[in-house]
Amino acid sequence: MKSISFVSNMVVEPVGKMLEGAYEIEYRDLDSIVSTLSGRVESDYLVILLESRFFYEFYPDEASLQRVEFLHELIEGFRERNEAKVILSNLFDSFAFIESGLSQENIRVLTEINLSIEKIKTGVSDVEICDLYSLGLRFGFDRLYNQRNRFLFQAPFTRKGAAEVALEIERAIARISRKRKKVLLLDGDNTLWGGIVGEDGIYGVACDENYPGIAYKRFQLYLAALRRSGLVLALVSKNNEEDLIELFEKRDMPLSMSDFVSWRIDWRPKSLNISEIASELNLGIESFLFIDDNPFEIEEVKNALPEIDTLLFDKENPLAMIERLSAVEGVCAHMVTEEDRNKSEQYRSEKRRAEVFGKSADMESFIKSLGIEILWWENEHSQLARISQLLNKTNQFNLTTKRYTQAEVEKMMREHTVLSFRVKDRFGDMGIVGVMILKDCFIDTFLLSCRVLGRGIEERIMDVAIERCGTSLRALYIPSQKNSQVENLYERLGFELLSVGEDGSKEYRFVSKKANRDYMSLKEGE
């Protein structure tokens, strides 16, 4: 069972009790935020719930922002000494009215405080925000807070407030600790729009400014935002394809056909179409979320593909679907990287590569025609989030499948060598797709994203380690359920097998190169 330590300048036991049973709970002394952040915490998560008095007495002022800077420094120091993930709250407050301009100034400074707290998350590894501000906007101050108890007992949350804060803590833990979904598979009728195209016609379905059309329009707007954050959209609909293409062309909707990296619009079982899309995108079914309004379709897919997650779209209450979708584990992100923002375009580029490959004489000539460029960096802190992301989600091409937190990667950058690799070709930029961790001249970790496999890129990347270490280079393969395709990789790259462990692990020593991929550009990034 995972463990949580609470530290706060208010009484948080009512919140912690909501999490008992799911976590081991420890409460630090009241008002011990500074001493806790200056010491050691052995729990898996440190939850820091902040009441406004930590920053200001009555109204926020510019000095409040200096307190945020102080908090930032404390958490930076904490990260150097601790591996516990930090769940840090932002602020929500209600101000006594004097004049409208003063109220707006208070809100402005409160917003700056919260933006500065957000910078702590982006500036220090393994920090996630417990978003009290959004809870306050959603439920209102008086539903979340009891002013009398706030000052009498230093216990500000109502029963409703404590329950909602506990849920938000769980959501924050999920965002920072668990893998994000990669693909949203969407039905069309009564999911992306109200009504059935085949019965109501392209101008009869609802996705407009009137209810219920506005609910579906807002849902599409949320899907478009998720797409920009790195989730890939795919369409799986039982319909006539020409009808849906005409609908997207002629109706003014937030989404267009170009927003979907793949689609299957026919009358076959949806599980079959989903399997084909998974194969096309080279992704595991477990990374998909299927959304449909028909319980029969949901059950058919779940029975055929038990590893997939599903969400039944409630066509009787479509306005609730944004909240329901955002609550699904793996939909919202801990942090959005540059690679995430370009994800849909990367999959489209891959489809173009596949089309060219189908016309090529052989694999080698196809690879040479791509004009592959590889950039590499050593201990590049600006790429910490992406490196950690790859370490914790890459399975197939991963020689040791060792998982490291962002804080652990940051520590290894100080003590060892963390190499990151970006790949481009004539079809586009695939972003940071490879990681190698060298401890002296031992390859602790070597992985590549599945979207660049089959092009010999690993052979060119290995040149960076070979140039550094020569025949002193050592390596390890640890078998897992998903990495059998790289079991003999090191033999292919010119390594000599030294030993085989009882668990099937293999130790190697580099002898000499067997392949030459010099036609791929390889240079250090700036």
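We now turn to the structure provided with this report. (Residues numbered from 1 in each chain as written. Predicted model: local features only at pLDDT ≥ 70, side-chain atom pairs only at ≥ 80, totals over all residues. Heavy atoms only, no water.)

The next subject is the overall build of the protein chain. Each helix and strand in the protein chain was counted, giving 21 helices and 18 strands. Over its C-alpha atoms the protein chain spans a radius of gyration of 26 Å, differing by no more than 12% from the 24 Å that the globule rule assigns to 526 residues. Dimensions of the protein chain, computed from C-alpha atoms along their principal axes, come out at roughly 75 × 65 × 45 Å. Looking at the 526 residues of the protein chain, the share that counts as buried comes to 53%. (Helix = DSSP H or I, 4+ residues; strand = E, 2+ residues; numbered from the N terminus. Rg over C-alpha atoms; globule rule 2.2 N^0.38 Å. Buried < 20%, exposed > 50% of the residue type's maximum accessible area, 1.4 Å probe, protein only.)

This brings us to unusual backbone geometry. Tyrosine 211 connects to proline 212 through a cis peptide bond whose omega is 5 degrees. Within the secondary structure, proline 212 is located in the loop between α9 (197-200) and α10 (213-228). In this structure, aspartate 31 is a non-glycine residue whose phi angle is positive, near 65 degrees. Secondary-structure assignment places aspartate 31 in the loop between β2 (24-27) and α2 (33-37). If you check the backbone angles, asparagine 190 has positive phi at about 55 degrees while not being a glycine. Its relative accessible area of 13% is what places asparagine 190 among the buried residues.

Now for the sheet that holds strand β16 (residues 495-500). Think of a sheet as strands paired side by side through backbone hydrogen bonds, with each pair either parallel or antiparallel. Pairing within the open sheet is mixed, and its eight strands lie in the order β16-β17-β15-β14-β13-β12-β11-β18. Looking at strand neighbours, the two that pair on one side only are β16 and β18 (521-524), the edges of this open sheet. Strand-to-strand twist of the sheet, defined as the mean angle between neighbouring strand axes without regard to direction, takes the value 30 degrees. Pairing of strand β14 (residues 442-448) with strand β15 (residues 474-477) involves two bridges; the strand directions are parallel. Residue pairing for β15: isoleucine 443 is matched across the bridge by alanine 475. Here helix α18 (residues 384-393) sits on the sheet and contacts β12 (417-425), β13 (428-439) and β14; the angle it forms with β13, its principal contact strand, is near 75 degrees. On top of the sheet, helix α19 (residues 406-415) reaches β12 and β13; it is set at about 105 degrees to β12, its chief contact. (Pairing = 2+ DSSP bridges. Axes fitted to C-alpha atoms, helices over the stretch in contact; angles between N-to-C directions. Contact = heavy atoms within 4.5 Å.)

Applying the stated criterion to the full structure yields 46 salt bridges. With a closest N to O distance of 3.6 Å, aspartate 293 and lysine 315 form a salt bridge. Residue aspartate 293 is found in the loop between β9 (288-292) and α13 (295-304), and its partner lysine 315 is found in the loop between β10 (309-312) and α14 (321-326); the two are separated by 22 residues along the sequence. For glutamate 378, the salt bridge identified is with arginine 468, shortest N-O distance 2.4 Å. Here glutamate 378 is found in strand β11 (residues 373-378), whereas its partner arginine 468 is found in helix α20 (residues 457-469), with 90 residues between them in sequence. Of the residues examined, glutamate 378 reaches a relative accessible area of 34% and is grouped as partly exposed. Arginine 468 sits in the partly exposed class, given a relative accessible area of 36%. The network of salt bridges with common partners includes Glu118, Lys121, Glu128, Glu168, Arg171 and Arg175. (Salt bridge = Lys/Arg side-chain N within 4 Å of Asp/Glu carboxyl O.)

We now examine the packing of helix α5 (residues 132-139) against helix α8 (residues 159-177). The geometry of a pair of packed helices is captured by two quantities: the angle between their axes and the separation between those axes. Axis separation between α5 and α8 bottoms out at 11 Å; the angle between their running directions is 135 degrees. Looking at the two axes, α5 sits oblique to α8. Of the two elements, α5 crosses α8, and the hand of that crossing is right-handed. Taking contact as the criterion, the partners of Leu132, Leu135 and Phe139 in α5 are, on α8, Lys160, Glu164, Val165, Glu168 and Arg171. (Parallel < 35°, antiparallel > 145°, perpendicular 65-115°, else oblique. Left-handed = near helix turned anticlockwise from the far one by under 90°.)

The side chains of a regular strand alternate between the sheet's two faces. The element β13 is largely enclosed, with a buried count of nine among its 12 residues. Sheet analysis places β12 next to β13, joined by eight bridges and oriented antiparallel. Bridge pairing links phenylalanine 421 to glycine 434 in β13. A loop of two residues connects β12 with β13, the two strands running antiparallel in sequence. The pairing of β13 with β14 spans six bridges and is antiparallel. Note that in β14 the partner of isoleucine 437 across the bridge is threonine 445. Linkage of β13 to β14, two consecutive antiparallel strands, is achieved through a turn of two residues, within which aspartate 440 is found at a positive phi near 60 degrees.

Together, Glu69, Glu73, Glu76 and Glu80 give the surface a local cluster of negative charge. Looking at where glutamate 80 falls in the secondary structure, it is placed in helix α3 (residues 62-81). We classify glutamate 80 as exposed; its relative accessible area is 60%. (Patch = residues over 30% accessible without salt bridge, like charges linked within 9 Å, V, L, I, M, F, W, Y side chains within 5 Å. Areas by Shrake-Rupley, 256 points an atom, 1.4 Å probe, with all protein chains shown as cover. Lys, Arg positive; Asp, Glu negative; His and termini not counted. Charge placed at Lys NZ, Arg CZ, Asp CG, Glu CD.)

With that settled, consider the packing of aromatic side chains. According to the stated counting rule, one finds 18 aromatic pairs in the structure shown. Judged by centre distance (6.4 Å) and plane angle (45 degrees), the ring pair of tyrosine 59 and phenylalanine 95 falls under tilted. Residue tyrosine 59 is located in the loop between β3 (45-49) and α3, and its partner phenylalanine 95 is located in the loop between β4 (85-89) and α4 (100-123); the two are separated by 36 residues in the primary sequence. Three or more aromatic residues joined by ring pairs make a cluster, and in this case those are Phe92, Tyr133, Phe141, Tyr145 and Phe157. (Phe/Tyr/Trp six-rings, centres within 6.5 Å; stacked < 30°, edge-to-face > 60°.)

So far we have only geometry, and geometry alone does not tell us how the molecule works.
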